[in-house]
Amino acid sequence: MKLMSLNQNNNSGFNCWSLIQVEVSFIPGLPQVHFLGHADAALKESVFRLKSAFRQCGFEFPKTQQVVVNLTPQHIKKISPGIELAVALAILKMTGQGPEWNPSEFVGYGEIGLNGEIKFPDAGKPVQIPAHNKLLSGPGFEKYMEGFSLAHLRDLESLHWLDKTESRILQKPVAAV
């Protein structure tokens with residue numbers, strides 16, 4: 001499963017962004033998560049946040065497989081905490097727990113809390129993404145985006161109520177009384 005995310009580059013004192021591809025695959029073995037493609041330590045420790053968020057939101061994290069996350073291009077250091085939303089989307093989709101819509105139509109960028117809450121990492125400057133993609137993130141990203149199709153998620157559970165055609169969160173169904 002391939003998705004796009006954003007990477008914050010801070011080379012030579014300039015704060016800029018680049019699109020990266022997040023590719024997730026499962027292989028047999030003890031349940032572990034491996035990040036390939038020059039990921040920093042903060043991104044590698046996101047595994048614990050993802051596992052906790054899955055549990056808190058009622059999802060199952062793969063228990064009998066290793067998760068391999070390949071971040072490309074390989075030569076760029078990945079320092080962005082927002083990549084973990086794209087990883088979570090891919091795992092949910094691959095395990096049959098994700099939304100019915102195709103998450104590859106979105107650029108997933110958001111930090112995930114232990115309880116599954118999604119928030120936009122403070123970027124410090126506007127972000128530009130290709131016009132054919134929609135940005136999927138948590139609250140707070142609106143001030144950085146202009147002219148793009150946006151979708152706001154409160155938490156991982158709200159993925160199922162995303163209407164991809166209108167880029168908005170639908171209300172959770174109310175149980176009949």
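Look a little higher up for the structure.
Rules used in this analysis
- Residues numbered from 1 in each chain as written.
- Predicted model: local features only at pLDDT ≥ 70, side-chain atom pairs only at ≥ 80, totals over all residues.
- Heavy atoms only, no water.
- Helix = DSSP H or I, 4+ residues; strand = E, 2+ residues; numbered from the N terminus.
- Buried < 20%, exposed > 50% of the residue type's maximum accessible area, 1.4 Å probe, protein only.
- Areas by Shrake-Rupley, 256 points an atom, 1.4 Å probe, with all protein chains shown as cover.
- Expected span 1.5 Å × (residues − 1).
- Core = buried A, V, L, I, M, F, W, Y, C linked by side-chain atoms within 4.5 Å.
- Contact = heavy atoms within 4.5 Å.
- Phe/Tyr/Trp six-rings, centres within 6.5 Å; stacked < 30°, edge-to-face > 60°.
- Salt bridge = Lys/Arg side-chain N within 4 Å of Asp/Glu carboxyl O.

Draft legend 1. The arrangement of the overall build of the protein in detail. Secondary structure assignment for the protein yields three helices and 11 strands. Split into buried and exposed, the 177 residues of the protein put 47% on the buried side. With an accessible surface of roughly 9,000 Å², the protein has 53% of that area assigned to carbon and sulfur atoms.

Draft legend 2. Looking closely at helix α3 (residues 83-94). The terminal C-alpha atoms of α3, which comprises 12 residues, lie 17 Å apart, in line with the 16 Å expected from a rise of 1.5 Å per residue. When you tally the buried positions in α3, you get 10 out of 12 residues, the bulk of the element. Along α3, the residues that are buried comprise I83, E84, L85, A86, V87, A88, L89, A90, I91 and L92. Looking one or two places after α3, you find G96, whose phi comes out positive at around 80°.

Draft legend 3. Main features of the nonpolar core. In terms of nonpolar packing, the biggest core is built from 35 residues, with V22, F35, V69, L71 and L156 touching the most fellow members. Counting only elements with at least two residues in this core, the list comes to β2 (16-28), β3 (33-36), α2 (46-56), β4 (65-72) and α3. Considering each element in turn, this core owes the most residues, nine residues, to α3. In this structure F35 touches L43, K44, S46, V47, V69, L71 and V87, once residues within four positions along its chain are discounted. Within the second largest apolar cluster, five residues are counted, among which are L6, V107, Y109 and F120.

Draft legend 4. Region of the structure containing the packing of aromatic side chains. The final tally for this structure, using the stated rule, is two aromatic pairs. Here F54 and F59 contribute two aromatic rings whose centre-to-centre distance is 6.2 Å and whose plane-to-plane angle is 65°, an arrangement assigned as edge-to-face. The exposure class of F54 is buried, given its relative accessible area of 0%. Seen from their ring centres, F54 and F61 are 5.2 Å apart, and the 75° between their planes marks the pair as edge-to-face. Accessibility classification places F54 together with F61 in one group, the buried group.

Draft legend 5. Representation of unusual backbone geometry in the model. Residue T72 is joined to P73 through a cis peptide bond whose omega torsion reads 5°. Looking at where P73 falls in the secondary structure, it is placed in the loop between β4 and α3. In the Ramachandran plot, H38 falls in the positive-phi region, its phi being about 65° despite a non-glycine side chain. By secondary structure assignment, the location of H38 is in the loop between β3 and α1 (41-44). Judged by relative accessible area, H38 falls into the partly exposed class, the value being 45%.

Draft legend 6. Representation of the pattern of salt bridges. Throughout the structure, instances matching the rule amount to three salt bridges. For E84, the salt bridge is made with R49, and the minimal N-O distance between the two is 3.0 Å. Taken together, the residues span a long stretch of sequence, with E84 in helix α3 and R49 in helix α2 at a distance of 35 residues. Exposure remark for R49: the relative accessible area of 23% places this residue in the partly exposed category. We note a salt bridge from K63 to E60, for which the minimum N-O separation is 3.0 Å. Overall, E60 belongs to the partly exposed group, its relative accessible area being 47%. A network of salt bridges, in which partner residues are shared, links E45, R49 and E84.

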